[in-house]
Amino acid sequence: MGHEHDEAASDSEAGHGHADHGHDDSHGEHGHDDHHAHDAEGVGIGVLTVSTSRTLADDPAGDIIAAACEDAGHEIVERRLVADEMDAIEDAVAALLDDGVEVVLTTGGTGLTPDDVTVDAIEPLFDRPVPGFGELFRWLSYEEVGPMAMASRATAGVVDDRLVFCLPGSENAARTGAEKLVAPAVGHLLGLVRR
């Protein structure tokens, strides 16, 4: 894993010109602020809970996701609940995107049991995957739950010029994904997608 981190760091440095090779910081206006010039602010988010046992009135993971996004200055445009069925999940995500939601966060159905079909339903919609999300999510989860983190198939991808994130249904996992990854980064990611 150390080698992967070193490669990623090297790629990051090369891509952003931050490597220390006699760097004279002549980028001037192309510094940190310019890197975020295209960031989207106040992103419109749809939260989709995938569950046959929950209701929107009893949806702690969805509540956590919504609160984390709102606390970061984003707007929860719509919340929906759908059963653990592939067609229903795909249709619900497509409907949220059709309604103009910029980012969809799903919660539930990302594990390894036969009825965990969220990822299977949504991945075919992706124009491009965002593998770093799942990698970082599992890394953070590993710090909390150890090797059981590998059971999560949390993922994300680009659909047209929007983003879809698939988070687990547990409250702790939803908090980790929403507070530590999605809420602070989604404006920047959406800006990159829309360049």
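Up top is the structure.
All values derive from a computational prediction rather than experimental measurement. Throughout this description, residue numbers start from 1 for each chain and increase along the sequence as written. Residue-level local features of this predicted model are given only where pLDDT is at least 70; pairs of side-chain atoms are given and counted only at 80 or more, and the full residue set underlies all totals for whole chains, interfaces and linings. Values reported for side chains reflect all heavy atoms of the structure, with hydrogen atoms and water molecules removed beforehand.

Engineer: Provide a residue-level description of the packing of helix α3 (residues 60–71) against helix α7 (residues 171–193), including the pertinent values.
Structural biologist: Here, axes are lines fitted to C-alpha atoms. For helices the fit covers the stretch in contact, and angles between N-to-C directions go from 0 to 180 degrees. Secondary structure elements follow DSSP: runs of H or I no shorter than four residues count as helices, runs of E no shorter than two count as strands, and numbering proceeds from the N terminus. Close contact between α3 and α7 brings their axes to 9 Å; oriented N to C, the two are set at 20°. Judged by the angle between their axes, α3 and α7 are roughly parallel. Classified by chirality, the crossing of α7 by α3 is right-handed. Seen from α3, the contacting residues are Pro60, Ala61, Ile64, Ile65, Ala68 and Cys69; seen from α7, they are Glu171, Ala174, Arg175, Ala178, Glu179 and Ala183. Geometric relationships in this document are graded by angle, where less than 35 degrees denotes roughly parallel, more than 145 denotes roughly antiparallel, 65 to 115 denotes roughly perpendicular, and other angles denote oblique. Handedness of a helix crossing follows the sense of rotation of the near helix relative to the far helix, less than a right angle counterclockwise being left-handed and clockwise being right-handed. In what follows, a contact means two residues having at least one pair of non-hydrogen atoms within 4.5 Å.

Engineer: Break down the environment of Ala156 for me, with residues and values.
Structural biologist: Take Ala156: it is sitting in strand β5 (residues 155–159). Ala156 sits ten residues away from Cys166 along the chain, and the two C-alpha atoms are 6.0 Å apart. The contact partners of Ala156, leaving out residues within four places of it in the chain, are Phe126, Pro129, Val130, Phe133, Val164 and Phe165.

Engineer: Describe the sheet that holds strand β2 (residues 75–82), and please don't skip the residues or the numbers.
Structural biologist: Being paired, for any two strands, means DSSP has found at least two bridges between them. The six strands are arranged β2-β1-β3-β6-β5-β4 in an open sheet whose pairing can be described as mixed. Since the sheet does not close on itself, it has two edges, and those belong to β2 and β4 (128–129), each with one partner. With five bridges connecting them, β5 and strand β6 (residues 162–167) associate as antiparallel partners. If you follow Val158 over to β6, its bridge partner there is Leu163. Along the sheet face, α3 touches β1 (44–50), β2, β3 (103–107) and β6 and points at about 165° away from the line of β2.

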